[in-house]
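# Structural overview for review
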Amino acid sequence: GGEGGEGGEGEGGGGGVAEQRRLAAAFVRACRVARALNAVRAPEVGLLLTRLQYGALGPERVVRTLLARHAHLLAARLCELLGLSEMKVAVVHHWGKAKIGGAAASLSDEALLAALAPKLDATAGASHARLAAEALAVGRRGLAARLLEKEEDATRRVPLLLQMGEERLALTSAVAHGDAELIYLLLLHLKARLPSALFFELLQPHPAAQRLLIHFCRQQDTKTLREFLYHADQPLEAASLAAAEGYRAETLSQRTRGLALARQFYEVAAARAPLGVAASLSFSPAGDTGASHHAALMAHATGEQLRLLTAQLNLEQETAGAPPPPAGACCGMYTPE
C-alpha cells in the first residue's frame, strides 16, 4: 500500500510539473502579447487594438499593417519578440525596397549598398536578388549588379542577370551552380535570343553546358547540333550527323541534300583535321595525317553514294511507265547494259 501511495505521488507530481510548465509558457506568451499591444498603441504609432482584435487579426496581419505605415523598426522588433522569422524576412525586404525607392538621386550606389548589406546578411532567408530587382526597376543598375554578387541562390540570380543583358555572367553562374534544369532553361533562352555564332562563343568556356546542348539537340534540334559541331571545329562529327540524317530521310531529294552537306563537312575535315578529332580517331601514328586521310576517304565514299543516287533517279525517270522486263532477262548483264 505504501509503495502504491508513493507511485501515485510520483505520477501526480509529474503531472503537476507539466501543468506548471504549460502555465509558465502561457504566461510568457501573454506578456509578449501585452508588450506588443503596448508598442502598437503608442501615440507615434496609433494602432489602438484590443486583446480580442489582436487575436482575430493575428500577429502577421499586425506586422503587415505596420509595414503599410512604414514602421519598419517596430515591425522588426515585434517579429523578434513574437518569433516570426518568416515575417522578419518580409520586413527586411519591404524596408530595403523602401530604402532604394526613396533614396535621393545624389546618394551613391556604394552608400546604399553599405546600408542594405548588413541587414540582409544578418537576416536568415533574406534575398539580395529581391532588392536587386527593385534597384534595377528604379534605374540603379550598378547597385543591382553589386547586390547580385552577394546572392547565393543561382535560381534567383540568373533571371536577373539575363534581364540586365549579362548573358555571360548568367551562364557562368548557372554552370557553377550545377543545376541541369537551370542550365537547360538558360540555353534555350540564349539560343532563341542570340545569333548562333555569339551563342556558340558563349558556350566555349563551359564544357558542361556544351554537353547538355549536344544531348538536347540530338533529341530535338539536329540543325543546331550540326552548326555547333562545325563551329566547335568538329567537322567530322558534323559530317557523321548530316550523313545519318540523310540516310534517315524519307525522300530522295532530302537524302541527297543531307549527303551533299556531309560531303562538304568531310572535305573541310580533310583540309584541316583538328587535333582533338584526330587524337580521338587514332587512325595512324601521325594523328593529323590519319584524320585527314579518313576524312578524305569518307568524302570520296559520300560522293560515290551521291552519284549512285543520281543514277538511280535518272533510271527511274527513264523507265517510268515502261513494262517490267521478263524474269531473269537481266541476269548476267553488266550494270551499264
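Placed above this text is the structure.
Summary of the structure given here. (Residues numbered from 1 in each chain as written. Predicted model: local features only at pLDDT ≥ 70, side-chain atom pairs only at ≥ 80, totals over all residues. Heavy atoms only, no water.)

A complete count under the given rule lists 10 salt bridges for this structure. In this structure, the salt-bridge partner of Arg141 is Glu166, at a minimum N-O distance of 3.5 Å. Of the two residues, Arg141 is situated in helix 8 (residues 141-150) and Glu166 in the loop between helix 9 (154-163) and helix 10 (167-177); the sequence distance between them amounts to 25 residues. Judged by its relative accessible area of 29%, Glu166 falls in the partly exposed class. Across the pair Lys223 and Glu227 runs a salt bridge, and its minimum N-O distance is 2.7 Å. Of this pair, Lys223 and Glu227 both sit in helix 14 (residues 222-231), four residues apart, roughly one helical turn. Look at Glu227 and you get partly exposed, because its relative accessible area is 29%. (Salt bridge = Lys/Arg side-chain N within 4 Å of Asp/Glu carboxyl O. Helix = DSSP H or I, 4+ residues; strand = E, 2+ residues; numbered from the N terminus. Buried < 20%, exposed > 50% of the residue type's maximum accessible area, 1.4 Å probe, protein only.)

On to the packing of helix 12 (residues 196-203) against helix 13 (residues 207-220). Relative orientation of the contacting elements helix 12 and helix 13 amounts to 130°, with a least axis distance of 8 Å. The angle between the axes of helix 12 and helix 13 places the two elements in the oblique class. Taking contact as the criterion, the partners of Phe199, Phe200 and Leu203 in helix 12 are, on helix 13, Ala209, Gln210 and Leu213. Taken together, the residues of the contact of helix 12 with helix 13 break down into five nonpolar, one polar and no charged. (Axes fitted to C-alpha atoms, helices over the stretch in contact; angles between N-to-C directions. Parallel < 35°, antiparallel > 145°, perpendicular 65-115°, else oblique. Contact = heavy atoms within 4.5 Å. Nonpolar A, V, L, I, M, F, W, Y, C, P; charged D, E, K, R; others polar.)

A full pass over the atoms with the stated rule returns one cavity of 30 Å³ or more. By volume, the largest cavity amounts to about 40 Å³. Taken together, Tyr184, Leu187, Leu188, Leu213 and Phe216 form the lining of the largest cavity. Elements represented by at least two residues in the lining of the largest cavity include exactly helix 11 (180-193) and helix 13. Residue contributions to the lining of the largest cavity peak at three residues, all from helix 11. Along the lines of polarity and charge, the residues of the lining of the largest cavity split into five nonpolar, no polar and no charged. (1 Å grid on protein atoms, 1.4 Å probe; cavity = no way out; pocket = protein on both sides within 12 Å on 5 of 7 lines; lining within 4 Å. Points joined across faces, edges and corners; volume = space filled by probe spheres on them.)

The subject of this paragraph is the nonpolar core. Grouped burial of nonpolar side chains is what soluble globular proteins tend to show. In terms of nonpolar packing, the biggest core is built from 59 residues, with Leu143, Val158, Leu186, Leu187, Phe199, Leu203 and Leu213 touching the most fellow members. A per-element tally of this core places helix 15 (residues 235-248) first, with six residues. Non-local contacts of Leu213, meaning those with residues more than four positions away in its chain, are made with Leu187, Phe199, Phe200, Leu203 and Phe228. (Core = buried A, V, L, I, M, F, W, Y, C linked by side-chain atoms within 4.5 Å.)

A word on the packing of aromatic side chains. Applying the stated rule across the entire model yields three aromatic pairs. Ring geometry for Tyr184 and Phe216: centres 6.5 Å apart, planes at 55°, overall tilted. Of this pair, Tyr184 sits in helix 11 while Phe216 sits in helix 13; the two residues are 32 residues apart in sequence, bridging distant segments of the chain. Its relative accessible area of 23% is what places Tyr184 among the partly exposed residues. Here Phe200 and Phe228 contribute two aromatic rings whose centre-to-centre distance is 5.4 Å and whose plane-to-plane angle is 65°, an arrangement assigned as edge-to-face. Here Phe200, found in helix 12, pairs with Phe228, found in helix 14; they are 28 residues apart in sequence, far enough to count as distant. A residue is classified by how much of its surface remains accessible, and Phe200, at 4% relative accessible area, is buried. (Phe/Tyr/Trp six-rings, centres within 6.5 Å; stacked < 30°, edge-to-face > 60°.)

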